Amino acid sequence: SLSGQLVNVQYNTRTESSFGPLPLSSKISTNETLHSSRVVLATRLAQNLVNGGEQDLSRNELWDFVTSPQTQTLPREQRRVDVSPLSVAPPQRFSCAVTERPYRSVLYPAFQLLVTVGDDDSVVENVQFYIGTAISNSHVLARQSLHSPVIVLPRSLPGGMILTFGVEVVNAENNVSVTSCTILPHGTRLPQGSVTAPYLYSSHPNQIMGSISYWGQSDLWSVLWRAVGSEASVQGSDASAWESFVSSDLTTPPPASVSTPDLQYFSTAQVGQLIAVPLQQMTEISSAATCAASCRATTCRAFDYSMSRQECRLHASSRTASIHLAAVGDYQHYAALGYGHAEYLFTRLSLQHKQVIHLNFILRSKLGHAVVVSSPAILIDLTPPLTGEVAAPITDVMLADGCMASSVQRCVQATPILNHRVITDGPSWRTVFNGHSPLAETRYTQISNFISAHWNGFSDPETGIWGYSWCVGSSIGTCDVVSRRDPHSHILSASEWTNSGLAGNLNLADGTYYVTVEALNSVVYGGALVTTVQHSTGLVVDTTPPVLHSVAVTGYNSRTQTLVFTVNATDDGSPLRSISYGLGRSRRDELVQGWRPLSLATTGVYQIATKVPNGVNVWVRVQVENEAGLVSTASSSTSFSVDTSPPTSGVVRDGNAKGQDIDFQSSATLICANWDGFVDSDSGVGHYMWAVATSNTAYNANLPAAKRLPSAASGDCTSLTPAMPHNVTVYSTITAIHGSTELLSASATSNGVVVDLTGPTPGQAAIGLNRTSTGVFWSQTQQLTAFWSGFKDPESSILQYDVSVLRTASSMPRSPASVVSSAIVPASQTSYDCHDHQWQDGDRVQVQIAASNGALRNTTVSTQVVTVDSSPAVIGSVRDGLVRTQDQRYVTVNSTLSAHWQATDGQSGVAWYEVTVQRLQHGTRMQVWPVSPMRSERLNASTEEFSTDALSLTDGSHYTVALSVMNGAGLLSHAESSGVTVDTVRPTLRNMVIYSTLPAGLVAAGKDGNGHIVLSDANSLAVSFDALDSHSGIAASLVRIHDVSTSTPVTAKGSVNGFVDFKHETSGLLEQLSLQLGDALTGPFYRVIVETVDNAGLKSEQLISDLIRVIANDTAGVVLDGGDAGQDIDYQSDDSVLTATFRDFTALSCDIEHVQWAASTQRDDAEADMSFTRRGLTVTATSARQVAGHVHAPMDNLQGKRFYMSVRVLTACGTVLEASSDGVLVDSSPPSVTLTAGGSPSPTNAASPHYSADSSISLGKWQKSDGESAIEKTDVSVGSYPGAADIMAARRYDEDQIQRGEGMTGSIGLSRYVSVTTTNRAGVSSRQVSQPIIVDVSKPTRGEITCAQSLPVTSTCALSCSWQGFADPESGIMAYDIRLGTRSGEQDAYTRTRLPAQTSSFTFAGLKCTGGEKYYATVGAISNANIACFFAPFCVNVPAYSGAVVVDATPPTAGTITVQSNHVAVNLSSSDASLSGQTVACLVGATQLRITWTGFEDPESGV
C-alpha cells in the first residue's frame, strides 16, 4: 500500500485580551507552518480470523519520502465589518433582573442588576445603564457605564412607583441596542402602616374595635401579629396577648376607576382634625369627595375636611400613637385604606375603668424589615357623668340600659355594664334649676307659652360631656309636656353651650311642671354613659291673679291719726308674696298716700299710723301680689274724712217731683218738697231736718215739728191736719248737718206753693180735618184729629189738657163707648192727633177734653161722634179690551188701546173715576195719555169702560190702563189692568243642540269628520234650542224628526202631524223613535226641524239641524308602551320607571270625567300588581269627548319582568273604556358576549397578544346571548389601541365573525384590537375588546446549533447540543423543535421533542454508541405567530443543522514533535536505559522554547 501525508498546514494562534466593557475585546496573531510532506510504500500480510477480526503476519516499508517544513508569521487584528445590530438578551430569557437585596438597613438599601450581553460578529465597545420611570427617561439616575454583568447598587431609590432600568449597548460599528427591566414598587424604608381606632373612648369592658392600613411598598410575611396593651410598643400586650393573623386578611382596595367614588379608598369619617403640619391646605373645596380626589393624586395618606369652611388639609400620615386628633369645628378626619386594610374586633378582654390601651400590630416585610404600629390611646370609661353640688337625693339608681339609655345616645355595640344613672334630686341639690336666672330656682311663673330650665356642674373627668337633652313633664321624670331635645344642636362648639333649654309655642295650663336633664359623655363604642337628673322641685304656672274679696275700713282716730282696716285676699294657684296699701280720693287713685308695703297678716286686720288731710274723703286702696308676679287691686267699700267746716247750702223746691218746683196744688191735706245742692266737701252731709210753714198765721199752730231725714234723702211728703184753706201759700225749709263730729249745718227755704181748690171754665171741641169740620164720616184708620178752645182758670190758670179718645166698636154697636187712649198736652196746645190705634170700618169715635189748672183741678168737654169708613171703593177688575170677561194680553196694532172695569163702595158710594195710560219699559213707568203727566181723564160714576185710538204705541213695550176711584168718605182706590204688550215681530230660532240619551243623563252629541251629528241611541234623542221673542214670548215649540232619505217625518211619542209640542219650553225629549244606524257616506240621515208660535199668534221660520246619523257606542283607544307618542316599544332598559302613551279614547255620548292607569305582569288582569291610579298620569284632552296622554311612573323591582300598561277612562255617563298595551319587557342587564380573537379565546390578561402568521386571518369571532331580550345589533371595529376604530370603522355585523382579510389595512406586525359592541332590544350594550392581535408573516431568524464532534464508544451514550441566534422581533419565539437522526434532518435516532422558548440546550440520552455511528441534530424555532407549525407533527420552521457527530472507537494517530528553538544536538547518556544513547536537543538560552508538531490525525472524528 501507498500511504502518507501530502499537505499538513498548522496555524498557531495568539490571542491578546484587553479588559474593558463587556464583552472582552481581543487581538489575534497567527503563525502559519507548512509541515513536511511524506509518502510511504509498504507491504502487509494478514489473515482473517474466525471471530471476524484480522491478524497481521508481516509488515514491511518499501519506500519513505519526506520534504522539509516551512514556517511564516501572519500578525494581524482579527476583525471583520459587522453591520448587524447588537443582540441584547431580553431579561426573561437571559436573567436580566433587578431585585432589592434583603436584610439590609432601611437607611442603606441596595439593588442588584444582572445583565447578559453578547455579539457574535463584532466587539462590544460600551455598555451603560440608567434608571427612570420609563425606558425613555433617566429621571432617577443618569447614565453610568457598566463594567460587570452583575452589579450591586447601594443607594436609595424613590419608592411607591415602578422604576425602569435601561441598558444601552454599542458595538464597534456604533450599532446600538437598548433593553430594559423593571422593578415593581419597592420598600425603601420600614413597613409603613397606621392603626385606626374609630372610637377613642369605650364603655365596653370586654371588646374593642380597630383597623389597620398597610402603606409599605414591599410584600409582607404571611404571618403577622396583633395585641392590646397599655403601651404603644412591642410590650403593649398586657390586655390581650400577641396573636397571629395572616397578611392575606389585609384586603386591597378596589382598583381606581371613573365609576369608583374617591371616598371608597378612605376609612369612615372620624370627628376631629389631625394635629400635624399638613402637606397642603386648600380652600373652596365643595365636598369631602373632592378632597379625597386631591389626596389620591399626591403622596397624601390622610386628610381633614370642614364642610362649613370648605377647607381641605392633606397629611403625609394618619393618626398614630403620637399624632392625635383634636375636635376643631366640624372637621372630620379620613385615613387612606393603603395597600392593605383590615378591621378587627378584639374580644375576651377584661378592661378596667380609666384604663388606657393601644391596639398594636407587628408588620414585617419580606425584606426583613419589621415595625410596631399602634393606634392612638383608647380610654376606657365605665362610669356615667358626675353631677354638680351633691346633697341627699330622693332616689339614685344605676340601670343597664345598653343603647336605650337616651333617645339622643350615640351607641355602637351596647355595653353590658350599668351605664345609666337615674337621680331624683332633693330640694337642696344645686344641679338642675327651673327658669333661666343663673343658679337661681324659679318656683312660680305667670308665663304659659314657654318654659325654661338650666343646669350646672355636670362633668365627666374621663371623656368629657358630649351633650345634653332635657324635657318637661306633668310629673317627676316624665316628658309628656316637652319631649326630649338637645338644647345645643344648633351650636357647633361646646365652648358656646349655655347649659340651658327653652321650649316655646306652648299653651300650658295652670299647674306644676317638672324638668328632667340628661348628661351624656363622649363615649360611642359601648354606648354613651348617661346621667339623668329628675328635678323634684316643680315649676308652678299660675296665670290667674289673687282674689281680693273685700277691703273694709274699721275706723280712723283723728287724734292719734290711726287707721284700722281689714283685708280678705286668697290665691289658689300660688301663695301671696306681698301686700301694699294706699289712700286715695276715689276708688281708683292713690293721691292721698302712695303705695306702702305691709307685712302679710294672717288675721287680715291692719292698723296703720297715717295722717289724713282735713276735709278729704279717703278710700283705702289695697294691692296684693302672688309668687307668680300677678297683682290684684281693690278699694274699701266706703270712704272716711276729717271735717271742721259747715256744709254748703242747696236749693229747696215744692212738690214731690225731683228737680221740679210746683207753684200750685189741689190737695189741702198733703205737702211735699224736694231738694239738692247741699254738700260738704270734707265730711259730707250727715242728715237733713225738714220744717213746714204757711202764709196763714192762724193755721201755722197746727203744723208738725221739723222732720229728720237721712243724708241720702232728696225729697219727702207729709200730711197736714186739719185741711188747709183755699188760696193759702205753704213754705218748706231744709237744714243740712255735716257728717263730722262738729255737727255744723246749713239751711234753705222753698218759694212756696199755693193751694187751689176750684176747676177751670169749660170751652168747645170737635173732630175733623179743621176747626170747622162737622162731618160724620172719618176715613183715617190710624189717625184722629180733634180741636178745642174757650177753657179758662182765674186762680192758677190752665196748666194742661187731658185728652181721652172713646170708641164704640162696629162689632158691638150697642156697647158703651170705652177709652182707647189718653194724653196730657200743655195749655198752649189746642189740637190733638191720635196715632195709637187702628180704627175699623163702622167704629164710632168721640174725643173728651179735660182742662186742668195749676192745682191740677179739671173741667171736661166732648166732641161729636164720627163713623169710621176706612175702606175705599172696591174695584172688581180692570181688563184690557172692550170684551167683557176677557183680558187682552197683546196687541198687534200700535194706535188703539181700550179697557173696562167694575167698582163698588157699600158705605159712602163712588163719587167719580179717573183714567190714565201708562207704559212700562226697562223697569220704568211713564204716563203716555193724557200727554200731560199731571192730568187724567175724569169720568162720572156711571161709566165703566174706556177706549182711545189716538195713541202711538212702541213695539215691545208694555201698556196698562190705570184707574182711580173716589168714594164718599174721600178715599181713593186705585187699580191697573194687567196691560198689553205691543208685538208686531215674529219669533226667531237659533242654536239648536242635539243630545244623546245615556244612562247617566243627557250628553251633547258630537260630530264626525264629515260634520254629521252622531248619536249612539236609535230610540231617543233630546233637543234644545234658543227661541227668541222679546215681546210676547213663546207660546208653542213644535219639534219633529225628518227622514232625509224618505222625506217623511219620524213618528215620536206624543207627536201630532209629525210634530211634538214642547209648549213654551225650548228643550225636550223625543222618545219611541226607530232610527237606523247610518253609514258615514250613504246614511240614512235625519234632521230635526223646529218652529215656534209666540203669544201674539205670530209664527217663526223653521230651524233645521245638520244631518244626523246613528252610530255604535263609545270606543276605547290605543295604549302604547314607551314615552314617545305614536311609538310602541317592546323592550326598555330603565328598571326604575314605566312609561306609556295613549290616544283615541273616544266617548261620543258624553264627556270624559276620569282617566286612570295600572301596570300588571299578567295580560288578563290589569290590577294583578297594583290598583288603577292617577299618580304619574298626564292627560291631554283633544276634546271633552276624546283624550290622549302619557304615563310616567317611577317603580321598583322591574328587572326581568314584562309589564302590560292599562288605561281606564270613565265617562260622565258611567261608561268604562279600557285598553291595554301589548307589553314591555324590562331588561337593564347587558348582553353576554364572548370574543375569540384570531381563533383563540381572550386570555385573562387582555394585554397578552395573540399572534398569527396568516395575513388573511379572521381577526375575531364572538358568541352573544341575552337571557331577557333578544340581540338587536352587533357593531365591530378594529383599532390600533383598545376601543379604537382607526383601522376599520365600526360597522354592523349580522355574522358572528369578521371576514378573513377584513381589518388588515396598515402595516404587518401592527397590534390590532377588535372591539365588539352588542346591543339588546332594550338598548343596553355590552362591549368586549380583544387582546392585541399581531400578524407576523416573516419567519424567525435562523440560529446555530453546536454539538460535540464525537461520542465515546459505550453501550449507551448521551449527546448534548446547544443553540443560539434564533429570534423573531415581531412575535417572539414560542418554542423549539429538536430531533436527532442518522442523516441530516432526520429523526430516526431521537423522536422530535418540543422545548419551551427559554431553553437553549438539550441532551439526547440513550443513544447507541458501539462505534462508527454518525448522528445529526436539527433544531427549529417556532414563532408565536406560527401557531399552525406549533401543532404540526414536525415543523421545519427555519431549522439549523449540526455537523456529523461520530461515535469514534479509535484514538488519533501519533504525529511528530519538533523543537524549533536554538539548540544543539547531543548524545544523551542516562541511567535510564530507555533514554541512554538517544540524541537530544539542548537549548541555547533559557528565555524561549518553540515547539511544533505534526502528524496527529483521526479520520473518524478528527483531532
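Note that the coordinates shown come from a computational prediction; the quantities given were computed from them, not determined experimentally.

### Some points on the overall build of the protein chain
Link 1 in the chain: Looking only at helices and strands, the protein chain features four helices and 119 strands.
Link 2 in the chain: Residues counted as buried form 43% of the 1503 residues belonging to the protein chain.
Link 3 in the chain: When contacts within the protein chain are restricted to residue pairs at least 6 apart in sequence, those whose partners lie at least 24 apart make up 66%.
Link 4 in the chain: Summing over all exposed atoms, the protein chain offers an accessible surface of approximately 74400 Å²; the carbon and sulfur share of this is 50%.

### Comments concerning the confidence of the model for the protein chain
Link 1 in the chain: For the protein chain, the average pLDDT comes to 83, and 89% of its residues sit at 70 or higher.
Link 2 in the chain: Scored below 50 in pLDDT, residues 18–26 makes 19 contacts in the model with residues more than four places away or belonging to other chains.
Link 3 in the chain: In the predicted structure, residues 1241–1246 sits below a pLDDT of 50 and forms 10 contacts with residues beyond four places in sequence or in another chain.

### A closer look at the state of the cysteines
Link 1 in the chain: Under the defined criterion, the tally for this structure stands at seven disulfides.
Link 2 in the chain: The residue that forms a disulfide with Cys-471 is Cys-479, at a sulfur-sulfur distance of 2.0 Å.
Link 3 in the chain: Judged by its relative accessible area of 24%, Cys-479 falls in the partly exposed class.
Link 4 in the chain: Disulfide partner of Cys-1347: Cys-1361, at an S-S distance of 2.0 Å. Linking Cys-1347 and Cys-1361, the disulfide has an S-S dihedral of approximately 115° and is accordingly described as right-handed. In this pair, Cys-1347 is assigned in strand β107 (residues 1344–1347) and Cys-1361 in strand β109 (residues 1354–1364), connecting sequence segments 14 residues apart.
Link 5 in the chain: Judged by relative accessible area, which is 16%, Cys-1347 ranks as buried.

### Topic: the sheet that holds strand β52 (residues 670–676)
Link 1 in the chain: Taken in spatial order, the three strands of this open sheet run β50-β52-β55, and their pairing is antiparallel. Every interior strand has two partners, whereas the edge strands, β50 (651–654) and β55 (715–719), have only one. Here the average twist between neighbouring strands, direction ignored, is 25°.
Link 2 in the chain: Bridge analysis of β52 against β55 gives five bridges, and the strand direction is antiparallel. When the bridges of β55 are listed, Leu-670 appears paired with Ser-719.

### Some words on the sheet that holds strand β8 (residues 97–100)
Link 1 in the chain: The three strands lie next to each other as β8-β9-β13, forming an open sheet whose pairing is antiparallel. Looking at the sheet topology across the chains shown, the edges are occupied by β8 and β13 (150–153). In this sheet, neighbouring strand axes are inclined to one another by 15° on average, regardless of whether the strands run parallel or antiparallel.

### Digging into unusual backbone geometry
Link 1 in the chain: Of note, the amide linkage connecting Trp-929 to Pro-930 takes the cis form, showing an omega dihedral of -10°.
Link 2 in the chain: For Pro-930, the position within the fold is in the loop between β72 (924–929) and β73 (937–939).
Link 3 in the chain: Here the phi dihedral of Asn-505 falls at roughly 55°; this positive angle occurs in a residue that is not glycine.
Link 4 in the chain: Along the chain, Asn-505 falls in the loop between β39 (500–503) and β40 (511–521).

### Points about helix α2 (residues 288–296)
Link 1 in the chain: Within α2, burial applies to Ala-288, Cys-291, Ala-292 and Cys-295. For α2, the angular spread of the buried residues around the axis is 100°, confining them to a single face.
Link 2 in the chain: Contacts from the buried residues of α2 go to β24 (302–306), β25 (311–315) and β27 (332–335).

What counts as what
Residues numbered from 1 in each chain as written. Predicted model: local features only at pLDDT ≥ 70, side-chain atom pairs only at ≥ 80, totals over all residues. Heavy atoms only, no water. Helix = DSSP H or I, 4+ residues; strand = E, 2+ residues; numbered from the N terminus. Buried < 20%, exposed > 50% of the residue type's maximum accessible area, 1.4 Å probe, protein only. Contact = heavy atoms within 4.5 Å. Areas by Shrake-Rupley, 256 points an atom, 1.4 Å probe, with all protein chains shown as cover. pLDDT = per-residue confidence, 0-100. Disulfide = S-S within 2.5 Å. Pairing = 2+ DSSP bridges. Axes fitted to C-alpha atoms, helices over the stretch in contact; angles between N-to-C directions. Arc of directions from axis to C-beta.

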